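The residues making up each chain are set out below.
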Amino acid sequence: MEVFKTKEALKAYLKPLKAAGKKVAVVPTMGALHNGHISLIKLAQEHADVIICSIFVNPTQFTDPKDLEKYPRPIDHDLAMLKDAGCDGVFMPGVEEMYPTGADENWHIDLGKAEFLLEGEFRKGHYQGVTQIVKKLFDAVEPDIAMFGQKDFQQVLMIKTMVAHFNLRVSIITCPIIREDDGLAMSSRNIHLTAADRKNALVLSKSLQYVIDNFDSFSLKELEESAKSFYKNIEGVELDYFTIANGHNLEPAKSKAEDNLVALAAAKVGSTRLIDNMIIK
Ligand code: PAF
(Lines give C-alpha, C1' and ligand atoms only; values in the text may rest on other atoms or scores of the structure.)
Protein backbone atom coordinates (compact mmCIF):
# COMPACT_ATOMS: atom_id res chain seq x y z
CA MET A 1 0.00 0.00 0.00
CA GLU A 2 1.39 3.37 -1.05
CA VAL A 3 1.10 6.50 1.10
CA PHE A 4 1.04 9.93 -0.54
CA LYS A 5 1.44 13.29 1.18
CA THR A 6 1.15 15.47 -1.93
CA LYS A 7 -1.34 15.76 -4.79
CA GLU A 8 1.58 15.62 -7.21
CA ALA A 9 2.80 12.23 -5.93
CA LEU A 10 -0.75 10.87 -5.94
CA LYS A 11 -1.40 12.04 -9.49
CA ALA A 12 1.93 10.56 -10.69
CA TYR A 13 0.89 7.18 -9.20
CA LEU A 14 -2.58 7.27 -10.73
CA LYS A 15 -1.62 8.51 -14.21
CA PRO A 16 -0.35 5.20 -15.69
CA LEU A 17 -3.15 3.24 -14.01
CA LYS A 18 -5.80 5.49 -15.55
CA ALA A 19 -4.01 5.33 -18.90
CA ALA A 20 -4.27 1.53 -18.66
CA GLY A 21 -8.03 1.87 -18.25
CA LYS A 22 -8.20 1.14 -14.51
CA LYS A 23 -11.27 2.40 -12.69
CA VAL A 24 -10.42 4.48 -9.63
CA ALA A 25 -12.47 4.81 -6.43
CA VAL A 26 -11.89 7.28 -3.62
CA VAL A 27 -13.00 6.77 -0.03
CA PRO A 28 -12.73 10.15 1.71
CA THR A 29 -12.28 9.92 5.51
CA MET A 30 -11.02 11.93 8.43
CA GLY A 31 -9.29 8.84 9.87
CA ALA A 32 -10.04 7.18 13.23
CA LEU A 33 -11.19 4.32 11.07
CA HIS A 34 -13.62 1.61 12.13
CA ASN A 35 -15.39 -1.24 10.39
CA GLY A 36 -17.87 1.18 8.83
CA HIS A 37 -14.99 2.75 6.86
CA ILE A 38 -13.62 -0.67 5.99
CA SER A 39 -17.03 -1.61 4.55
CA LEU A 40 -16.65 1.39 2.18
CA ILE A 41 -13.25 0.07 1.06
CA LYS A 42 -14.69 -3.41 0.52
CA LEU A 43 -17.64 -2.07 -1.46
CA ALA A 44 -15.29 0.13 -3.49
CA GLN A 45 -13.30 -3.00 -4.40
CA GLU A 46 -16.44 -4.47 -5.96
CA HIS A 47 -16.83 -1.41 -8.21
CA ALA A 48 -13.28 -0.27 -9.05
CA ASP A 49 -9.73 -1.52 -9.71
CA VAL A 50 -7.74 1.00 -7.68
CA ILE A 51 -8.87 2.18 -4.25
CA ILE A 52 -7.56 5.40 -2.75
CA CYS A 53 -8.53 6.26 0.82
CA SER A 54 -7.92 9.81 1.97
CA ILE A 55 -7.27 10.68 5.60
CA PHE A 56 -7.55 14.38 6.29
CA VAL A 57 -9.07 16.08 9.32
CA ASN A 58 -10.56 19.01 7.48
CA PRO A 59 -10.43 22.22 9.54
CA THR A 60 -13.04 24.09 7.48
CA GLN A 61 -15.91 21.78 8.43
CA PHE A 62 -15.56 22.17 12.20
CA THR A 63 -17.70 24.81 13.84
CA ASP A 64 -16.13 24.26 17.26
CA PRO A 65 -12.30 24.54 17.35
CA LYS A 66 -12.27 22.26 20.44
CA ASP A 67 -13.96 19.55 18.39
CA LEU A 68 -11.22 19.87 15.73
CA GLU A 69 -8.53 19.69 18.38
CA LYS A 70 -9.92 16.60 20.10
CA TYR A 71 -10.69 14.75 16.85
CA PRO A 72 -8.88 11.38 17.19
CA ARG A 73 -5.86 10.83 14.92
CA PRO A 74 -4.67 7.20 15.39
CA ILE A 75 -2.62 7.13 12.19
CA ASP A 76 -0.70 3.86 12.71
CA HIS A 77 -3.91 2.02 13.55
CA ASP A 78 -5.64 3.52 10.47
CA LEU A 79 -2.82 2.55 8.12
CA ALA A 80 -2.77 -1.01 9.49
CA MET A 81 -6.53 -1.34 8.97
CA LEU A 82 -6.32 -0.04 5.40
CA LYS A 83 -3.42 -2.35 4.56
CA ASP A 84 -5.37 -5.31 5.93
CA ALA A 85 -8.40 -4.31 3.86
CA GLY A 86 -6.29 -4.32 0.67
CA CYS A 87 -6.50 -0.57 0.03
CA ASP A 88 -4.09 0.44 -2.76
CA GLY A 89 -3.17 3.98 -1.78
CA VAL A 90 -3.65 6.41 1.10
CA PHE A 91 -3.68 10.15 0.51
CA MET A 92 -2.66 11.86 3.73
CA PRO A 93 -1.99 15.52 2.96
CA GLY A 94 -1.13 18.20 5.50
CA VAL A 95 -3.33 21.30 5.89
CA GLU A 96 -0.93 23.40 3.75
CA GLU A 97 -1.22 20.91 0.88
CA MET A 98 -5.00 21.25 0.75
CA TYR A 99 -5.19 24.94 1.73
CA PRO A 100 -1.99 26.52 0.38
CA THR A 101 -3.31 30.04 0.96
CA GLY A 102 -4.74 29.24 4.40
CA ALA A 103 -7.87 27.46 5.63
CA ASP A 104 -9.83 30.73 5.43
CA GLU A 105 -9.74 30.69 1.61
CA ASN A 106 -12.93 31.78 -0.13
CA TRP A 107 -15.50 29.10 -0.87
CA HIS A 108 -19.23 29.33 -1.14
CA ILE A 109 -21.62 27.41 -3.36
CA ASP A 110 -25.38 27.21 -3.37
CA LEU A 111 -26.33 23.92 -1.70
CA GLY A 112 -30.02 24.74 -1.57
CA LYS A 113 -32.31 24.97 1.43
CA ALA A 114 -31.29 21.57 2.76
CA GLU A 115 -27.91 23.02 3.77
CA PHE A 116 -29.58 24.89 6.62
CA LEU A 117 -31.84 22.11 7.91
CA LEU A 118 -31.03 19.49 10.58
CA GLU A 119 -27.23 19.39 10.96
CA GLY A 120 -27.04 22.74 9.19
CA GLU A 121 -28.95 24.36 12.06
CA PHE A 122 -26.53 23.05 14.65
CA ARG A 123 -23.28 23.29 12.66
CA LYS A 124 -23.28 26.55 10.76
CA GLY A 125 -21.16 26.43 7.60
CA HIS A 126 -20.41 22.73 8.09
CA TYR A 127 -21.52 21.66 4.60
CA GLN A 128 -19.64 24.48 2.90
CA GLY A 129 -16.50 23.07 4.55
CA VAL A 130 -17.39 19.48 3.65
CA THR A 131 -18.12 20.24 -0.01
CA GLN A 132 -15.02 22.45 -0.24
CA ILE A 133 -12.68 19.64 0.86
CA VAL A 134 -14.49 16.92 -1.08
CA LYS A 135 -14.16 19.04 -4.27
CA LYS A 136 -10.43 19.39 -3.56
CA LEU A 137 -10.12 15.63 -2.99
CA PHE A 138 -12.00 14.93 -6.22
CA ASP A 139 -9.66 17.34 -8.06
CA ALA A 140 -6.65 15.50 -6.63
CA VAL A 141 -7.86 11.95 -7.38
CA GLU A 142 -10.20 12.53 -10.35
CA PRO A 143 -12.02 9.32 -9.36
CA ASP A 144 -14.62 7.40 -11.33
CA ILE A 145 -16.54 6.68 -8.14
CA ALA A 146 -16.58 7.96 -4.57
CA MET A 147 -17.95 6.15 -1.53
CA PHE A 148 -19.75 7.80 1.37
CA GLY A 149 -21.56 6.30 4.36
CA GLN A 150 -25.31 6.67 4.72
CA LYS A 151 -24.82 7.57 8.40
CA ASP A 152 -24.09 11.11 7.23
CA PHE A 153 -27.24 11.14 5.13
CA GLN A 154 -27.36 14.93 4.76
CA GLN A 155 -23.66 15.00 3.84
CA VAL A 156 -24.27 12.64 0.92
CA LEU A 157 -27.10 14.86 -0.30
CA MET A 158 -24.88 17.97 -0.07
CA ILE A 159 -22.02 16.24 -1.90
CA LYS A 160 -24.39 15.17 -4.69
CA THR A 161 -25.55 18.80 -4.94
CA MET A 162 -21.91 19.95 -5.19
CA VAL A 163 -21.17 17.31 -7.86
CA ALA A 164 -24.17 18.53 -9.89
CA HIS A 165 -23.12 22.20 -9.36
CA PHE A 166 -19.70 21.57 -10.97
CA ASN A 167 -21.01 18.95 -13.35
CA LEU A 168 -18.38 16.46 -12.18
CA ARG A 169 -18.24 13.03 -13.78
CA VAL A 170 -17.76 11.11 -10.54
CA SER A 171 -20.50 8.69 -9.40
CA ILE A 172 -21.41 8.92 -5.75
CA ILE A 173 -22.14 5.60 -4.05
CA THR A 174 -23.92 5.58 -0.69
CA CYS A 175 -22.95 2.68 1.56
CA PRO A 176 -25.21 1.21 4.26
CA ILE A 177 -24.66 2.07 7.92
CA ILE A 178 -22.60 -0.51 9.79
CA ARG A 179 -23.84 -1.10 13.34
CA GLU A 180 -22.45 -2.70 16.47
CA ASP A 181 -24.30 -5.89 17.53
CA ASP A 182 -26.58 -3.88 19.83
CA GLY A 183 -27.54 -1.42 17.11
CA LEU A 184 -25.23 1.57 17.74
CA ALA A 185 -24.13 3.06 14.42
CA MET A 186 -20.34 2.90 14.07
CA SER A 187 -18.72 6.30 14.31
CA SER A 188 -15.25 7.68 14.99
CA ARG A 189 -16.85 9.68 17.79
CA ASN A 190 -17.96 6.56 19.70
CA ILE A 191 -14.53 6.29 21.34
CA HIS A 192 -15.39 9.40 23.36
CA LEU A 193 -18.40 7.67 24.98
CA THR A 194 -18.06 6.65 28.63
CA ALA A 195 -19.55 3.28 29.67
CA ALA A 196 -22.76 5.05 30.75
CA ASP A 197 -22.88 7.11 27.52
CA ARG A 198 -22.35 3.94 25.49
CA LYS A 199 -25.54 2.44 26.98
CA ASN A 200 -27.48 5.69 26.63
CA ALA A 201 -26.37 6.07 23.01
CA LEU A 202 -28.60 3.15 22.06
CA VAL A 203 -31.56 5.50 22.30
CA LEU A 204 -30.79 6.74 18.77
CA SER A 205 -31.02 3.37 17.02
CA LYS A 206 -33.92 2.24 19.24
CA SER A 207 -36.03 5.33 18.51
CA LEU A 208 -35.31 5.03 14.78
CA GLN A 209 -36.10 1.32 14.76
CA TYR A 210 -39.37 2.09 16.56
CA VAL A 211 -40.41 4.24 13.57
CA ILE A 212 -39.47 1.52 11.09
CA ASP A 213 -41.35 -1.16 13.08
CA ASN A 214 -44.48 0.95 13.62
CA PHE A 215 -44.63 2.91 10.38
CA ASP A 216 -47.83 1.26 9.17
CA SER A 217 -49.66 1.61 12.49
CA PHE A 218 -49.44 5.34 13.29
CA SER A 219 -49.51 8.78 11.70
CA LEU A 220 -46.25 10.67 11.01
CA LYS A 221 -46.97 12.99 13.93
CA GLU A 222 -47.65 10.11 16.32
CA LEU A 223 -44.51 8.29 15.20
CA GLU A 224 -42.34 11.37 15.72
CA GLU A 225 -43.85 12.12 19.11
CA SER A 226 -43.38 8.58 20.37
CA ALA A 227 -39.82 8.45 19.01
CA LYS A 228 -38.98 11.74 20.77
CA SER A 229 -40.36 10.39 24.05
CA PHE A 230 -37.58 7.75 24.03
CA TYR A 231 -35.14 10.57 24.86
CA LYS A 232 -37.04 11.92 27.86
CA ASN A 233 -35.59 11.33 31.32
CA ILE A 234 -32.30 9.82 30.18
CA GLU A 235 -29.68 11.61 32.21
CA GLY A 236 -26.92 13.08 30.05
CA VAL A 237 -28.86 12.76 26.78
CA GLU A 238 -30.10 15.85 24.97
CA LEU A 239 -32.07 15.44 21.76
CA ASP A 240 -31.20 17.97 19.02
CA TYR A 241 -33.74 16.69 16.52
CA PHE A 242 -35.79 13.69 15.54
CA THR A 243 -37.56 13.97 12.23
CA ILE A 244 -39.20 11.93 9.52
CA ALA A 245 -38.14 13.75 6.40
CA ASN A 246 -38.32 13.60 2.65
CA GLY A 247 -35.00 12.06 1.62
CA HIS A 248 -34.71 14.26 -1.49
CA ASN A 249 -34.78 17.62 0.31
CA LEU A 250 -34.84 16.85 4.06
CA GLU A 251 -38.04 18.86 4.56
CA PRO A 252 -40.34 17.31 7.15
CA ALA A 253 -42.44 14.64 5.43
CA LYS A 254 -45.96 15.80 4.71
CA SER A 255 -47.46 12.43 3.90
CA LYS A 256 -46.66 8.78 4.43
CA ALA A 257 -47.19 8.30 0.70
CA GLU A 258 -44.03 10.27 -0.24
CA ASP A 259 -41.63 8.03 -2.15
CA ASN A 260 -38.39 8.64 -0.24
CA LEU A 261 -38.77 8.83 3.52
CA VAL A 262 -36.03 8.75 6.11
CA ALA A 263 -36.03 9.08 9.89
CA LEU A 264 -33.08 11.08 11.22
CA ALA A 265 -31.91 11.78 14.75
CA ALA A 266 -29.15 13.75 16.45
CA ALA A 267 -28.46 13.89 20.16
CA LYS A 268 -25.77 14.87 22.57
CA VAL A 269 -24.84 11.85 24.67
CA GLY A 270 -22.58 12.96 27.51
CA SER A 271 -20.21 15.35 25.75
CA THR A 272 -20.43 13.55 22.38
CA ARG A 273 -22.84 14.53 19.63
CA LEU A 274 -24.13 11.52 17.68
CA ILE A 275 -26.23 11.26 14.53
CA ASP A 276 -28.04 8.29 13.05
CA ASN A 277 -30.80 7.57 10.53
CA MET A 278 -32.85 4.78 9.02
CA ILE A 279 -34.38 4.79 5.58
CA ILE A 280 -38.11 4.05 5.75
CA LYS A 281 -38.55 3.78 2.01
O1 PAF B 1 -17.47 12.10 6.50
C2 PAF B 1 -16.31 12.51 6.70
O3 PAF B 1 -15.45 11.85 7.31
C4 PAF B 1 -15.93 13.89 6.21
O5 PAF B 1 -16.99 14.79 6.33
C6 PAF B 1 -15.37 13.89 4.78
C7 PAF B 1 -16.41 13.45 3.78
C8 PAF B 1 -14.16 12.96 4.70
C9 PAF B 1 -14.91 15.30 4.39
O10 PAF B 1 -13.94 15.77 5.25
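Placed above this text is the structure.
Predicted model only: the values in this text are computed from it and were never measured.

Asker: Residue-level account of the overall build of the protein, with values.
Answerer: On a plain count of helices and strands, the protein comes out with 11 helices and nine strands. In terms of its C-alpha atoms, the protein occupies a principal-axis envelope of roughly 55 × 40 × 35 Å. Within the span of the protein, comprising 281 residues, buried residues form 53% of the whole. Expressed as a percentage of contacts within the protein between residues at least 6 apart in sequence, the contacts between residues at least 24 apart total 72%. Counting only carbon and sulfur atoms, one obtains 51% of the accessible surface of the protein, whose full area is about 13,400 Å². Of note, the protein has its 33 positive side-chain charges centred 1 Å away from the centre of its 39 negative side-chain charges.

Asker: How would you sum up the pairing of strand 3 (residues 50-55)? Please name residues and give values.
Answerer: Across the six residues that make up strand 3, a large majority, six, are buried. Across the two faces of strand 3 the burial is the same, with V50, I52 and S54 and I51, C53 and I55 all buried. As judged from the six bridges shared by strand 2 (residues 24-29) and strand 3, these two strands associate in the parallel manner. Looking at strand 3, one finds that T29 is bridged to I55. Each parallel crossover has a hand, and the one from strand 2 via helix 2 (residues 35-47) to strand 3 is right-handed. Where strand 3 and strand 4 (residues 89-91) come together, three bridges link them in parallel fashion. Pairing of S54 across the sheet is with F91, part of strand 4.

Asker: An account of helix 11 (residues 220-229) is requested, with residue identities and associated values reported.
Answerer: Listed in full, the buried residues belonging to helix 11 are L220, L223, E224 and A227. Buried positions in helix 11, seen along its axis, are confined to an arc of 95 degrees and lie on one side of it. Residues of helix 11 that are buried in the fold lie against helix 10 (202-214) and strand 7 (237-246).

Asker: Could you give an account of the environment of I75, naming the residues involved and the relevant values?
Answerer: Mapping I75 onto the fold places it in helix 4 (residues 75-85). Taking the C-alpha atoms as reference points, I75 and T29, 46 residues apart in sequence, are found 12 Å from one another. Contacts of I75, omitting those with residues within four sequence positions, involve I55 and M92.

Asker: Provide a residue-level description of the site of the ligand, including the pertinent values.
Answerer: By nearness alone, every residue bordering the ligand is listed as P28, T29, M30, N58, Q61, I133, F148 and Q155. A distance of 2.6 Å is found between an oxygen atom of the ligand and a side-chain nitrogen or oxygen belonging to Q61. Q155 places a side-chain nitrogen or oxygen 2.7 Å from an oxygen atom of the ligand. Starting from 290 Å² of accessible surface for the ligand in isolation, the protein chains cover 89%.

Asker: So what's going on with empty space enclosed by the protein? Residues and values would help.
Answerer: What the rule picks out here adds up to two cavities of 30 Å³ or more. The space that makes up the largest cavity amounts to roughly 70 Å³. If you trace the largest cavity, you find 14 residues lining it, with E119, K151, Y241, L264 and I275 closest to the centre. Of all elements in the fold, only helix 8 (153-165), strand 8 (261-269) and strand 9 (272-279) reach the threshold of two or more residues within the lining of the largest cavity. In the lining of the largest cavity, the residues fall into seven nonpolar, three polar and four charged. Its boundaries defined by the atoms lining it, the second largest cavity holds a volume of some 50 Å³.

Asker: With reference to specific residues and values, describe the packing of helix 2 against helix 4.
Answerer: The description of two packed helices rests on the angle between their axes and on the distance between the axes. In contact at an axis separation of 10 Å, helix 2 and helix 4 are set at 30 degrees when each is read in the N-to-C sense. Classified by chirality, the crossing of helix 4 by helix 2 is right-handed. In this structure, helix 2 contributes N35, I38, I41, K42 and Q45 to the contact, and helix 4 contributes M81, L82 and A85. Looking at the contact of helix 2 with helix 4, its residues break down into five nonpolar, two polar and one charged.

Asker: Explain the pairing of strand 9 residue by residue, including any values.
Answerer: When you tally the buried positions in strand 9, you get seven out of eight residues, the bulk of the element. One ladder, built from eight bridges, connects strand 8 with strand 9; its direction is antiparallel. Counterpart to L264 in the pairing with strand 9 is N277. Count of turn residues in the strand 8/strand 9 antiparallel hairpin: two residues, of which G270 carries a positive phi of about 60 degrees.

What counts and how
- Residues numbered from 1 in each chain as written.
- Predicted model: local features only at pLDDT ≥ 70, side-chain atom pairs only at ≥ 80, totals over all residues.
- Heavy atoms only, no water.
- Helix = DSSP H or I, 4+ residues; strand = E, 2+ residues; numbered from the N terminus.
- Buried < 20%, exposed > 50% of the residue type's maximum accessible area, 1.4 Å probe, protein only.
- Contact = heavy atoms within 4.5 Å.
- Areas by Shrake-Rupley, 256 points an atom, 1.4 Å probe, with all protein chains shown as cover.
- Lys, Arg positive; Asp, Glu negative; His and termini not counted.
- Charge placed at Lys NZ, Arg CZ, Asp CG, Glu CD.
- Pairing = 2+ DSSP bridges.
- Right-handed = clockwise from strand over helix to strand, strands pointing away.
- Arc of directions from axis to C-beta.
- Near = heavy atom within 4 Å.
- Polar contact = N/O pair within 3.5 Å; in protein donor to acceptor, adjacent residues only side chain to side chain.
- 1 Å grid on protein atoms, 1.4 Å probe; cavity = no way out; pocket = protein on both sides within 12 Å on 5 of 7 lines; lining within 4 Å.
- Points joined across faces, edges and corners; volume = space filled by probe spheres on them.
- Nonpolar A, V, L, I, M, F, W, Y, C, P; charged D, E, K, R; others polar.
- Axes fitted to C-alpha atoms, helices over the stretch in contact; angles between N-to-C directions.
- Left-handed = near helix turned anticlockwise from the far one by under 90°.

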